[in-house]
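The primary structure of each chain is shown beneath.
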Amino acid sequence: MTGAPLHLIDSGPADAPVLVLLHSIATSTAMWDEQIAALSDRFRVIAVDLPGHGQSPVLGGEPGMADYADAVADALAPVFTGRAVFVGLSFGSMIAQQIGARYPDRVTGLVLSNGVAYAPPPVGAAWQDRAAAAEAEVMVSQVGPTLSRWFTPEFLASDAESTADAVARIGQLIAATPVQGYVQAARAIAALDNRTLLPTITAPTLVLAGEGDTAAPAQAVATIADAVPGATYRVLPGAHLVNVEHSETYTRLLADFADEIVGATAPSGENN
């Protein structure tokens, strides 16, 4: 099912604690550019182009979340044999939930960000509609509606150059996503049900939500924290792509969590 290897970006000291970053649907490793730049001095950061996204091939057949998790595990196996903190946002969170339950020996900790564990029928139908629209109209049709779900109106309306550049960059990633990769992922999300897996996760887990997130509402994200034993729950300002809209805050939370879990230190020997 997994097919050809997935594309990875591997940055930072080879002997440093490992962070694995799993992106949202309709983006790629480029979604994590700011986190990779900020964290690679003190962590080994491995960002994965998920199947059918970026430079990674699609999976065969009609994959479910378990197949995506297996593909990630297969891609990482030749790169390192130890344990990592897995950070998943949105679609990446859904896959990270599976990894936490299915591959506990590979997981030091989990950051489950802006993702849900279950798609109720109305949500599943909406994702099936998005898949059908992408097949009929190509990915450009998804750019505007997706950006409006992923960012707050204030962020989208900002006249700051850096903000406009960030929105444009994410829009380009959406438009460039292969249709087949998007359709496979959308249909996997439509069938999502990780609820029975969550109580089996044993790794320390940080669950993050955006207070203005309509794609993965905070109250739905909170149910993950309720189900994972010992999980910590935080609500951040912003909408869905909180790693972009509030990059510094998000990156600091990742670093602090990893420091707590693995005791990572900066090259100087001092924690940031």
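Relevant structure appears above.
A few points on the structure.

1. Side note on the layout of surface pockets
Part 1: Roughly 460 Å³ of volume is contained in the largest pocket.
Part 2: Val-116, Val-123, Trp-127, Ala-215 and Ala-216 are, among the 32 residues lining the largest pocket, the residues nearest its centre.
Part 3: Those elements that place two or more of their residues in the lining of the largest pocket are α3 (91–102), α4 (121–137), α5 (140–150), α8 (179–190) and α9 (218–227).

2. Here's the deal with the packing of α4 against α5
Any two packed helices are characterised by the angle at which their axes cross and by the distance between the axes.
Part 1: Close contact between α4 and α5 brings their axes to 9 Å; oriented N to C, the two are set at 145°. Residues Arg-130, Ala-133, Ala-134 and Glu-137 of α4 form the contact with α5, whose own contacting residues are Ser-141, Gln-142 and Arg-149.
Part 2: Within the contact of α4 with α5, the residues separate by chemical class into 2 nonpolar, 2 polar and 3 charged.

3. Comments concerning the packing of aromatic side chains
Part 1: Counted by the stated rule, this structure contains 3 aromatic pairs.
Part 2: Ring geometry for Trp-32 and Tyr-250: centres 6.3 Å apart, planes at 35°, overall tilted. In this pair, Trp-32 is assigned in the loop between β2 (18–22) and α1 (33–39) and Tyr-250 in helix α11 (residues 247–262), connecting sequence segments 218 residues apart. Here Trp-32 matches Tyr-250 in class, with each residue buried.
Part 3: For the pair Tyr-68 and Phe-91, a centre-to-centre distance of 5.0 Å together with 80° between the ring planes defines the contact as edge-to-face.

4. Let's talk about α9
Part 1: Among the residues of α9, those classed as buried are Ala-218, Val-221, Ala-222, Ile-224 and Ala-225. Take α9 and look down its axis: the buried residues cluster within an arc of 145°, on one side only. Of the residues in α9, the exposed ones pointing more than 90 degrees away from the buried face are Gln-219 and Asp-226.
Part 2: Buried-residue contacts for α9 involve α3, β5 (107–113), β6 (205–210) and β7 (232–236).

5. Describing the side chain of Gln-98
Part 1: Structurally, Gln-98 can be placed in helix α3.
Part 2: Among residues more than four places away in sequence, those in contact with Gln-98 are Met-65, Ala-66, Ala-69, Tyr-103, Asn-194 and Leu-197.

6. A short note on the sheet that holds β6
Part 1: Across the sheet, which stays open at both edges, the 7 strands sit in the order β1-β3-β2-β4-β5-β6-β7 with mixed pairing between neighbours. At either end of the open sheet lies a strand with only one pairing partner, and these are β1 (8–11) and β7. With direction set aside, neighbouring strand axes in the sheet form an average angle of 15°.
Part 2: Across 5 bridges, the pairing between β2 and strand β3 (residues 44–48) is parallel. Paired with Leu-19 across the bridge in β3 is Val-45.

Rules used in this analysis
- Residues numbered from 1 in each chain as written.
- Predicted model: local features only at pLDDT ≥ 70, side-chain atom pairs only at ≥ 80, totals over all residues.
- Heavy atoms only, no water.
- 1 Å grid on protein atoms, 1.4 Å probe; cavity = no way out; pocket = protein on both sides within 12 Å on 5 of 7 lines; lining within 4 Å.
- Points joined across faces, edges and corners; volume = space filled by probe spheres on them.
- Helix = DSSP H or I, 4+ residues; strand = E, 2+ residues; numbered from the N terminus.
- Axes fitted to C-alpha atoms, helices over the stretch in contact; angles between N-to-C directions.
- Contact = heavy atoms within 4.5 Å.
- Nonpolar A, V, L, I, M, F, W, Y, C, P; charged D, E, K, R; others polar.
- Phe/Tyr/Trp six-rings, centres within 6.5 Å; stacked < 30°, edge-to-face > 60°.
- Buried < 20%, exposed > 50% of the residue type's maximum accessible area, 1.4 Å probe, protein only.
- Arc of directions from axis to C-beta.
- Pairing = 2+ DSSP bridges.

These values are about where atoms sit, not about what they do.
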